[in-house]
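Spelled out, the chains give:
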Amino acid sequence: MELIVFVLASAMVLSGAVGVVMFKNPVHAALGLVLTLFGVAVHFVSMEAHFLAAVQVIVYAGAIVVLFLFVIMLLGVDRAEDLTIEPLKLQRPVAAVLGAGVTVLVAGAVVRGADTLGRESVVSAPGDSNIRALARSLYSDHVLAFELTSVLLIVAVAGTVVLTRRVKKSEG
Amino acid sequence: MLPVPAVDPVLDTDSWWWQPLAIVGLKVLVVFVIGLVGTMFMVWFERKIVAGMQNRIGPDKAGPFGLLQTLADGIKLFFKEDLIPERSDRFVFKLAPFLAFVPAFLIWSVIPLGGNFTDGHDGTVEWFGQVTRVQLADPPVGVLLVLALSSIAVYGVMLAGWSSGSKYPLLGSVRASAQMISYEAALGLSLATVLMAAGTLSTSGIVIAQDRLTDWHLLSTGVVPFVVFLIAMTAELNRPPFDLVEAEQEIVGGFHTEYSSIRFALFFLAEFMNVISMSALLVTLFLGGPQPLLIGSFDLFAVLGPFAGTAWLLLKVFLFLYVYVWFRATLPRLRYDQLMDLGWKVLIPVALGWFLLLAALQLGRDNDLSQVSYVGLVIVCLIVLGLGYLLFTAAISVARRNRDREGAAY
């Protein structure tokens, strides 16, 4: 049962990822990204991380990709662009080398860390302890990082508002 | 793997025989039928009540009191020609109605539809010798699932508008997604107060926490989050007076302008089903779901025995369905800047301030403060909130003055 779920979810993730790269229409690529994110959410559920799964869907699928789509639609880049024209000549070979390198690194990390994975688990008690455990570590051990992140977000929002406001010279 | 409570106690059983399958199958069927029949009823109900309020008769030809009018309309829609605009993105155009329709159904799966929650009962019932709940699934993240589903519903509207390849739908969908995203923040903040009061995310846990009338979150969180939730929900559902998404005078039909036949019917169905399922969510969160409203010790639906909870839920949901129709019949549509002002400058600050106040009070209660220091805590909270309010109004008025001076027009 677990294997079936794993295979299906992985198929979702991979086909979505391939779609993001291969689709010529940016909106379709964004939809591929949504598929990938859902696949990851399914993986989270199958590993009993319900909270992460819900947040994955709410934040990534529900907010971030919607924002992507918003930008794509408003800027009108939804016409398939000519992919044969290369702005940077070296781009593709370098991307291939980097991709292969990252794959090898991740595979190596998984092989070396195979026996340490699964040794620790957040799931220790039934119920919504999942959420409690997360809250406890967020608001005790990592509270500084947490607060700094919120400051970063506020600064980003305020900065955007300040930068995009055009101050007109008043005549008086 | 460590054992984690299943989304339904019936799945925890060791003896897998026909009972669990039958129970789950039955529940799926019931949820599906409720969705469809409820929607059919809601369309009729709305037309009839609006007609009454406008001194008309409304549908009265098909069936008794015109009850079958929706069915007739549905059959008619099925046989209409299905048009797909030439400039549309065909795949996305076909996908969008389902993205709107499926989440509307799925919300029902986490709403407790009945069962006995009184006097500390946990709402479980026994069917075919198996313990289960009268709800399709009770995941530990119950309410978050609803939020996730409503954020998926945004895709339906957005993609429908974009894929039509025409300007009015695109305008409608951009409006819709901006509105839904803005009001989701207020919705989430008012919902967070309920979650804090109940101490759990699971919908059945929230109902269990509302055992007595004074524990109903409508009262125990103060009425403010309820009001914010009601307004934000109306905006989230694109119902009047927040139906700028389909403002006929400005953008024809909004995101579903280009849709016809059964695809349009799916959008239509999804809208009405969302009204019902979000009303049910509101009742679950703030009015105790299937909890009875006792007058002394008199239970209005006591004669129904095990179905009393369901009857109470239906009664409360009805109340809100009527309120929505009432909104539609009496309130004029907001202007777009009024909509955004209300969302960002009123609802979100109010919900956030109220949430912080309740959090501080909860903290005081958890730490067993003495009477005196508790009063002190309340005073400090009120001072902080007052200062925050003053700062906020000052900021708004400064911004407005600057805007006026620059002569910005919008």
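Residues numbered from 1 in each chain as written. Chains lettered and ligands numbered in written order. Predicted model: local features only at pLDDT ≥ 70, side-chain atom pairs only at ≥ 80, totals over all residues. Heavy atoms only, no water.

(A) Region of interest: the overall build of chain A. Secondary structure summary: chain A contains six helices and zero strands in total. The helix and strand sequence of chain A, counted from the amino end, reads α-α-α-α-α-α. Expressed as a percentage of the 172 residues in chain A, the buried residues total 23%. Taking the contacts inside chain A whose residues are at least 6 apart along the sequence as the reference set, 53% of them involve residues at least 24 apart. As displayed, chain A offers around 12,600 Å² of accessible surface, 74% of which is attributable to carbon and sulfur atoms. (Helix = DSSP H or I, 4+ residues; strand = E, 2+ residues; numbered from the N terminus. Buried < 20%, exposed > 50% of the residue type's maximum accessible area, 1.4 Å probe, protein only. Contact = heavy atoms within 4.5 Å. Areas by Shrake-Rupley, 256 points an atom, 1.4 Å probe, with all protein chains shown as cover.)

(B) Main features of helix 2 (residues 26–46) of chain A. With 21 residues, helix 2 of chain A extends 31 Å from end C-alpha to end C-alpha; this agrees with the ideal 30 Å at 1.5 Å per step. For helix 2 of chain A, the elements touching its buried residues are helix 1 (2–22) and helix 3 (50–75) of chain A together with helix 3 (90–106) and helix 4 (142–163) of chain B. The first or second residue beyond helix 2 of chain A is A:Glu48, which carries a positive phi of 65°. (Expected span 1.5 Å × (residues − 1).)

(C) Local environment of the side chain of A:His43. Residue and element names in this part refer to chain A. Along the chain, the position of His43 falls in helix 2. Judged by its relative accessible area of 16%, His43 falls in the buried class. Each residue touching His43, except ones within four places of it in the same chain, is listed here: Phe6, Ala9, Ser10 and Val13.

(D) Here's a closer look at the environment of B:Gly74. Secondary-structure assignment places B:Gly74 in helix 2 (residues 69–78). Counting along the chain gives 188 residues from B:Gly74 to B:Ile262, while the straight-line C-alpha distance between them is 8.4 Å.

(E) Broad picture of the nonpolar core. Counting residues in each nonpolar core, the largest one holds 107 residues, and the members touching the most others are B:Phe229, B:Leu285 and B:Phe286. When residues no more than four places from it in sequence are discounted, the contact partners of B:Leu285 are B:Val143, B:Leu191, B:Val194, B:Ile206, B:Gln210, B:His217 and B:Phe229. (Core = buried A, V, L, I, M, F, W, Y, C linked by side-chain atoms within 4.5 Å.)

(F) Looking closely at the packing of helix 8 (residues 224–236) of chain B against helix 11 (residues 308–330) of chain B. Residues and elements named next belong to chain B. Two numbers describe how helix 8 lies on helix 11: the axes approach to 12 Å, and their chain directions differ by 60°. Of the possible angle classes, the one that applies to helix 8 and helix 11 is oblique. Both helix 8 and helix 11 take part in a crossing whose hand is right-handed. Residues Phe226, Leu230, Met233 and Thr234 of helix 8 pack against Phe320, Tyr324 and Phe327 of helix 11. A class-by-class count of the residues in the contact of helix 8 with helix 11 yields six nonpolar, one polar and no charged. (Axes fitted to C-alpha atoms, helices over the stretch in contact; angles between N-to-C directions. Parallel < 35°, antiparallel > 145°, perpendicular 65-115°, else oblique. Left-handed = near helix turned anticlockwise from the far one by under 90°. Nonpolar A, V, L, I, M, F, W, Y, C, P; charged D, E, K, R; others polar.)

(G) How the structure looks around a nonpolar patch on the surface. The grouping of B:Phe65, B:Leu67, B:Leu68, B:Leu71, B:Ile75, B:Phe78 and B:Phe79 at the surface amounts to a nonpolar patch, some 770 Å² of accessible area in total. Inspection of the secondary structure puts B:Phe78 in helix 2. (Patch = residues over 30% accessible without salt bridge, like charges linked within 9 Å, V, L, I, M, F, W, Y side chains within 5 Å. Salt bridge = Lys/Arg side-chain N within 4 Å of Asp/Glu carboxyl O.)

(H) Highlighting the packing of helix 8 of chain B against helix 10 (residues 261–286) of chain B. All names here are of chain B. One way to put it is that helix 8 packs onto helix 10 with a least axis distance of 11 Å and a crossing angle of 170°. Considering the angle they form, helix 8 stands roughly antiparallel to helix 10. Of helix 10, the residues touching helix 8 (which contributes Pro225, Phe226, Phe229, Leu230 and Met233) are Met278, Ser279, Leu281, Leu282, Leu285 and Phe286. Looking at the contact of helix 8 with helix 10 residue by residue, the classes come out as 10 nonpolar, one polar and no charged.

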